[in-house]
Each structure stands twice: as C-alpha cells, then as structure tokens.
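# Reading the structure
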Amino acid sequence: MKQKEALRKEKKEPETDLNGNVIVPRYECVTSHTARRTGITNMYLSHKYTILQMMHVSGHKTQKTFMDYIKLSSEEIADEIAAMSKKENDMW
C-alpha cells in the first residue's frame with residue numbers, strides 16, 4: 001500500500017502483477033537493517049570470527065539478540081551439522 005501511495009503522489013501508476021500486488025525492484029526492498037543482518041550472517045558462516053568478536057562489531061550486547069540476527073536456510077543448517085559430524089568423526 002505504501003508503494004502505491006508514494007507512486008501516486010509522484011503521479012505515476014504502480015506496476016502490478018496479476019493479483020494486484022505492486023511490483024517493486026529488489027534493490028528498493030533492501031534497508032540498512034537487511035544489510036546488517038546479511039553481514040552478520042555472512043560473518044557467522046565464514047567461521048573466521050568468534051561470536052564475541054562478531055557481537056563487538058555488530059554492537060549486540062546479548063548473545064540471544066545476536067543469534068536472532070543470524071538467518072540460515074535449511075541447506076546452510078544441514079551443512080553446519082554435516083561439518084560438525086565430520087569433525088567429530090575425524091577426532092575418533
């Protein structure tokens with residue numbers, strides 16, 4: 001709705017799909033918050049930094065809040081589990 005209203009103020013008719021939803025380019029959907037969350041997730045997935053180091057960079061005070069920022073797909077979670085299992089098997 002906000003996109004439709006903003007475009008109408010500019011006297012432009014919004015482009016919509018067959019269901020009437022406004023079509024917005026992805027780059028217009030990215031916010032600084034989205035970029036922050038992506039950056040934190042990418043740091044986490046790199047396995048180069050400790051959680052404490054990442055929290056310091058991101059400015060989070062609690063580990064719970066920090067962990068809420070990390071968004072992993074099902075495939076990424078499966079990869080993490082597989083890597084941990086491999087480490088355990090290599091130790092024995």
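None of these values were measured; they are calculated from a predicted model. (Residues numbered from 1 in each chain as written. Predicted model: local features only at pLDDT ≥ 70, side-chain atom pairs only at ≥ 80, totals over all residues. Heavy atoms only, no water.)

### Details of the side chain of H60
Heads up, the condition is: Secondary structure elements are defined from DSSP: runs of H or I of at least 4 residues count as helices, runs of E of at least 2 residues count as strands, and each element is numbered from the N terminus. Whether two residues are in contact is decided by their heavy atoms: any pair within 4.5 Å suffices.
In this structure, H60 sits in the loop between α4 (51-58) and α5 (63-69). Beyond its immediate sequence surroundings of up to four residues, H60 is in contact with R36, I40, M55, T65, F66 and Y69.

### What about α4?
Short version of the rule: The cut-offs for exposure are 20% and 50% of the maximum accessible area for each residue type, with area from a 1.4 Å probe on protein chains only; residues under the lower value are buried, those over the upper are exposed, and the others partly exposed. Note: the arc covers the axis-to-C-beta directions of the helix.
Every buried residue belonging to α4 is among M54, M55 and S58, and all of these are buried. Seen end-on, α4 carries its buried residues on one side only, within an arc spanning 100°. Exposed and oriented more than 90 degrees from the buried face of α4 are L52, H56 and V57. For α4, the secondary structure elements touched by its buried residues are α3 (32-46) and α5. One or two positions beyond α4, positive phi appears at G59, with a value near 85°.

### Concerning the pattern of salt bridges
Put simply, the rule is: Whenever Lys or Arg places a side-chain nitrogen within 4 Å of a carboxyl oxygen from Asp or Glu, that contact is recorded as a salt bridge.
Enumeration according to the criterion identifies 1 salt bridge in this entry. As a salt-bridge pair, D68 and K64 come within 3.3 Å of each other at their nearest N and O atoms. Here the residue D68 and the residue K64 both occupy positions in helix α5, the gap between them amounting to 4 residues, near one helical turn.

### Quick look at the nonpolar core
Condition: Side-chain atoms within 4.5 Å link the members of a nonpolar core, which is a set of buried Ala, Val, Leu, Ile, Met, Phe, Trp, Tyr and Cys residues.
One finds I40, M54, M55, F66, Y69 and I70 forming the largest nonpolar core, which totals 6 residues. Contact partners of M55, with chain neighbours within four places excluded, come to H60, K61, T62, Q63 and F66.

### Here we look at the environment of G39
Looking at the secondary structure, you find G39 in helix α3. Residues G39 and M54, spaced 15 residues apart in sequence, show a C-alpha to C-alpha distance of 10.0 Å.

### Things to note about the packing of α3 against α4
The line we're drawing: With axes taken as lines fitted to C-alpha atoms, and helix axes fitted only over the stretch in contact, angles between N-to-C directions fall between 0 and 180 degrees. To sort the angles, those under 35 degrees are grouped as roughly parallel, those over 145 as roughly antiparallel, those from 65 to 115 as roughly perpendicular, and the leftovers as oblique. By convention, the crossing between two helices is left-handed when the near helix turns anticlockwise from the far helix through less than a right angle, and right-handed when the turn is clockwise. When residues are grouped by polarity, Ala, Val, Leu, Ile, Met, Phe, Trp, Tyr, Cys and Pro land in nonpolar, Asp, Glu, Lys and Arg in charged, and all others, Gly among them, in polar.
Packing of α3 against α4 brings their axes to within 11 Å, and their N-to-C directions diverge by 160°. In this view, α3 runs roughly antiparallel relative to α4, as classed from their interaxial angle. As α3 runs across α4, the sense of the crossing is right-handed. Where α3 approaches α4, its residues R36, I40, M43 and Y44 are matched on the opposing element by M54, V57 and S58. Residues belonging to the contact of α3 with α4 are distributed by class as follows: 5 nonpolar, 1 polar and 1 charged.

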